[in-house]
Amino acid sequence: MTRKAFVIGHPIGHSRSPLIHRHWLDAYGIDGSYEAIEVTPDDLPAFFARLRTGEFAGGNVTVPHKERAFELCDVLDPETAHLRAVNTIELLPGGEGFLLHGSNTDFYGFVANLDQQAPGWSGGVQSAIVLGAGGAARAVAASLAANGIERTFILNRTPERAGQLARELGGPLQGSGLADWPLLAPTTQLVVNTTTVGMGNTGFERLDLTLLPAETLVTDIVYTPLQTPLLVAARARGLRTVDGLGMLLHQAVPGFEKWFGVRPEVTAELRQEIERTLAP
Ligand code: ATR
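Bear in mind the structure is a predicted one, so any value in this text is a computation, not a measurement.

Under the criterion given, the structure shown has nine salt bridges. Close ionic contact of D74 with R52 constitutes a salt bridge, the shortest N to O distance being 2.7 Å. With a gap of 22 residues between them, D74 in the loop between α3 (66-72) and β4 (75-76) and R52 in the loop between α2 (44-51) and β3 (58-61) connect regions that are remote in the sequence. Taking relative accessible area as the criterion, R52 reaches 32% and is therefore assigned partly exposed. Taken together, the shared-partner salt bridges in this structure form one network comprising K4, R50 and E55.

On to unusual backbone geometry, then. With an omega of 0°, the peptide bond running from H10 to P11 counts as cis. Structurally, the position occupied by P11 is in the loop between β1 (3-9) and α1 (17-27). Put simply, V63 and P64 share a cis peptide bond, and its omega is 5°. Its location among the elements puts P64 in the loop between β3 and α3.

What follows concerns the packing of α1 against helix α11 (residues 268-275). Where α1 meets α11, the axes come as close as 10 Å, and the angle between the chain directions of the two elements is 145°. Helix-helix and strand crossings are classified by hand; for α1 and α11 the assignment is right-handed. Within the contact between the two elements, α1 uses L19, I20, H23 and W24 and α11 uses E269, L270, E273 and I274.

In this approach a probe as big as a water molecule rolls over the atoms, and the regions it shows empty are the leftover space. There is about 230 Å³ of room inside the second largest pocket. If you go around the second largest pocket, you meet 14 residues; those closest to its centre are E67, R138, R161, L165 and E168. At the level of elements, α3, α5 (135-146) and α6 (159-169) are the ones that each hand at least two residues to the lining of the second largest pocket. Counting residues per element, the lining of the second largest pocket draws most heavily on α6, which supplies four residues. When the residues that make up the lining of the second largest pocket are grouped by side-chain class, the tally is five nonpolar, three polar and six charged. Both of domain 1 (3-104 + 246-275) and domain 2 (107-243) provide at least three residues apiece to the lining of the second largest pocket.

With that settled, consider the domain arrangement of the protein chain. Examined at the domain level, the protein chain breaks down into domain 1 (3-104 + 246-275) and domain 2 (107-243). Taking the mean C-alpha position of each, domain 1 and domain 2 sit 26 Å from one another. In this complex, domain 1 contributes 17 residues to the contact, which on the side of domain 2 involves 17 residues. Summed over both partners, the interface of domain 1 with domain 2 buries about 1,500 Å², with 61% contributed by carbon and sulfur atoms. On the domain 1 side of the contact with domain 2, L83, M247 and H250 bury the most area, a combined 40% of that side's loss. Counting the contacts that link domain 1 with domain 2 gives one salt bridge. Across the salt bridge formed by R271 and D243, the nearest N and O atoms sit 2.8 Å from each other. Across the contact surface, domain 1 and domain 2 share five residue pairs in polar contact (both at pLDDT 80 or more).

Rules used throughout
- Residues numbered from 1 in each chain as written.
- Predicted model: local features only at pLDDT ≥ 70, side-chain atom pairs only at ≥ 80, totals over all residues.
- Heavy atoms only, no water.
- Salt bridge = Lys/Arg side-chain N within 4 Å of Asp/Glu carboxyl O.
- Helix = DSSP H or I, 4+ residues; strand = E, 2+ residues; numbered from the N terminus.
- Buried < 20%, exposed > 50% of the residue type's maximum accessible area, 1.4 Å probe, protein only.
- Axes fitted to C-alpha atoms, helices over the stretch in contact; angles between N-to-C directions.
- Left-handed = near helix turned anticlockwise from the far one by under 90°.
- Contact = heavy atoms within 4.5 Å.
- 1 Å grid on protein atoms, 1.4 Å probe; cavity = no way out; pocket = protein on both sides within 12 Å on 5 of 7 lines; lining within 4 Å.
- Points joined across faces, edges and corners; volume = space filled by probe spheres on them.
- Nonpolar A, V, L, I, M, F, W, Y, C, P; charged D, E, K, R; others polar.
- Domains from an automatic or database assignment.
- Buried area = accessible area lost by both parts, 1.4 Å probe.
- Polar contact = N/O pair within 3.5 Å; in protein donor to acceptor, adjacent residues only side chain to side chain.

Laid out in C-alpha cells, this is it:
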C-alpha cells in the first residue's frame, strides 16, 4: 500500500518540501507520496480530525500552523516540546484509532546544516548572536544552548520580545535590542539571522559587520535568495558563511525516516535540484 505524507500551510504554494521528499522517494525506490495541501487556520481542526483516520503516515506543518499544531497533538517529542511549535507529525496506532505525535525538526536541521557545511563550528564559539525573536529564533537559540554555546544574545527589533524569549527558554540566553550590536559584535564568533530580513534581497539598516572578529561564522536561515545581503556583506568582509538551504533540507530528514522507514541523505545532487528552483 502506498504510504502517504503531506505538508500543510497557508499559503503552501511555494513550499519546496514536496520536491525534497519526492527526490528521496525516487532515490530510494519507495512506494510513497508527499502532497502539499492548502489548509487555512479555520480548517485546521477538521484537517486534524481527518489525520486521525490514519489516511496519512504523517507530514509537515508550516507557517502559520506550527504553534496550533503543537496544541492539537496527542503526544509530544520530549526533546523538542519546550519549543511549543510542531513541524513534523507522525501517526501512531493507539486506542481505537491513531494518535498524533508531534516534534520539531527545525531544531535538528539547524545544527545538522552547520555540522555538514562548517564541521566543528561550535568549537571556538564562546558567544553567539541570534537576530530575531520569532518561532525560528526559538528553535535556533535552544539548539545553540543544547550544543554547549556558553552565551547567546538574542537581539530583536522589538527588544521586549527578545527578553521574553530568553526568559522562557532559560539557560545561557539573554535578550535585548538590535541597538546592542556594536557592544556585542566584537566578542561574537557566531551570528545567526532568524528574522525575515533578507527575503527578497532586503537588508538590515544598521549592522556593522566590520565590528565582528575575523573568525566569526555568519549564517542565515533565509534561503530566498540563497545569498542574502547579510551573507554577501559577510563574505565581502572575509567572514565564513553558511546559507539557509541546508537547514531546510536537513529538517526534512527525521520526518521522511518516520513515515517511509529510510533515513535519507542530504546529497549535493538534492541540494542542486532545490537550488535550481531558488532565485539567484
Ligand atoms: P518566524 O516564526 O518565522 O520566526 P515571526 O514570529 O513573524 O516569524 O518573527 C519574525 C522576526 O523577524 C521577528 O523577530 C521580527 O522582529 P519583531 O519581533 O520586532 O517584529 C523580525 N523582523 C521582521 N522584519 C524586520 C525588520 N525589517 N527589521 C528587523 N527585524 C525584523
